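# Examining the three-dimensional arrangement
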Amino acid sequence: MQDSGLVISARNKLAEVEVQCFTACQKCSVKNLCIGQSQSKGLLSAKNPIHAQPGNTVSLEIPETQYNKSLILLFGTFLLAALLGMAAGHFSAALFSLPTPATSILGLFLGLFVSGFWLFRFFRNKNNDRLFPVITSIINEGGHHG
């Protein structure tokens, strides 16, 4: 999805960009990344490979496909881990003569814990910043803002 906004601040490789919130924002998959979702303006952190400066009006590319894939990975991993953990707990109950409901629940929580730890490390990886919007071009160079 393409959008445009005003650069409020720029530091390192990121910029804070103020965007207008329209009716289409309600259907946007990256709405949760936008600060000020209920107001008329939102504030996004965006990658700034072209070194836009505060006051510039810029064009943004919002990676909806990557965002959706990441959500599917997140919830799919938790679901799969929960089911595999419950199954492992159920079958281990028969091997060790333990109560089936207790080991199934223990397996469920163990599966969720292991998958949560893996997902935390996966999404914390510095190379995994593909969920950020990217500034693609400067539409209008303005004076310094703020």
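Residues numbered from 1 in each chain as written. Predicted model: local features only at pLDDT ≥ 70, side-chain atom pairs only at ≥ 80, totals over all residues. Heavy atoms only, no water.

### Focus on the environment of I138
Relative to the elements of secondary structure, I138 occurs in strand 5 (residues 134-140). On the accessibility criterion, I138 (30% relative accessible area) is partly exposed. For the pair I138 and L6, spaced 132 residues apart in sequence, the C-alpha separation works out to 9.8 Å. Filtering out sequence-adjacent residues up to four positions away, I138 remains in contact with I50, A52, N56, T57 and V58. (Helix = DSSP H or I, 4+ residues; strand = E, 2+ residues; numbered from the N terminus. Buried < 20%, exposed > 50% of the residue type's maximum accessible area, 1.4 Å probe, protein only. Contact = heavy atoms within 4.5 Å.)

### Focus: the packing of aromatic side chains
By convention here, two paired aromatic rings are described through the distance between centres and the angle between planes. Taken as a whole, this structure holds two aromatic pairs when the rule is applied. Considering the side-chain rings of W118 and F122, the 5.3 Å spacing of their centres and the 15 degrees angle between planes classify their relative orientation as stacked. Pair noted here: W118 and F122 are both in helix 2 (residues 100-124), with a separation of four residues, about one helical turn. On the accessibility criterion, W118 (43% relative accessible area) is partly exposed. Relative accessible area serves as the criterion here: at 27%, F122 is assigned to the partly exposed category. With a centroid separation of 5.2 Å and 80 degrees between ring planes, the pair formed by F122 and F123 is classed as edge-to-face. (Phe/Tyr/Trp six-rings, centres within 6.5 Å; stacked < 30°, edge-to-face > 60°.)

### Examining the pairing of strand 2 (residues 14-20)
As judged from the six bridges shared by strand 1 (residues 2-11) and strand 2, these two strands associate in the antiparallel manner. When the sheet's bridge partners are listed, S9 is paired in strand 2 with E16. Adjacent in sequence and paired antiparallel, strand 1 and strand 2 are bridged by two residues, among which N12 carries a positive phi angle near 50 degrees. The pairing of strand 2 with strand 3 (residues 41-47) spans seven bridges and is antiparallel. Bridge pairing in strand 3 places Q20 opposite K41. (Pairing = 2+ DSSP bridges.)

### Re unusual backbone geometry
In the Ramachandran plot, H51 falls in the positive-phi region, its phi being about 55 degrees despite a non-glycine side chain. Locating H51 in the fold gives a position in the loop between strand 3 and strand 4 (57-61). Of note in the backbone geometry, S97 takes a positive phi value of approximately 50 degrees without being a glycine. Relative to the elements of secondary structure, S97 occurs in the loop between helix 1 (64-96) and helix 2. Owing to a relative accessible area of 66%, S97 belongs among the exposed residues under this scheme.

### Some thoughts on the nonpolar core
Counting 11 residues, the largest nonpolar core consists of V7, A15, V17, V19, L44, A46, A52, V58, L60, I62 and I135. Per-element tally for this core: the top contributor is strand 2, with three residues. Aside from chain neighbours lying at most four places away, what touches V58 is D3, S4, G5, V7, V17, A52, I135, S137, I138 and I139. (Core = buried A, V, L, I, M, F, W, Y, C linked by side-chain atoms within 4.5 Å.)

### With respect to a nonpolar patch on the surface
On the surface, L95, F96 and L98 cluster together into a nonpolar patch covering about 370 Å² of accessible area. Structurally, F96 is set in helix 1. The class for F96 is exposed, based on a relative accessible area of 58%. (Patch = residues over 30% accessible without salt bridge, like charges linked within 9 Å, V, L, I, M, F, W, Y side chains within 5 Å. Areas by Shrake-Rupley, 256 points an atom, 1.4 Å probe, with all protein chains shown as cover. Salt bridge = Lys/Arg side-chain N within 4 Å of Asp/Glu carboxyl O.)

### A short note on helix 2
Two residues of an α-helix separated by three or four positions point the same way, owing to the 3.6 residues in each turn. Given a rise of 1.5 Å per residue, 25 residues ought to cover 36 Å, and the 36 Å separating the end C-alpha atoms of helix 2 matches this to within 8%. Among all positions of helix 2, only T103, S104, G107, L108, G111, S115 and L119 are buried. Where helix 2 is buried, its residues touch helix 1. (Expected span 1.5 Å × (residues − 1).)

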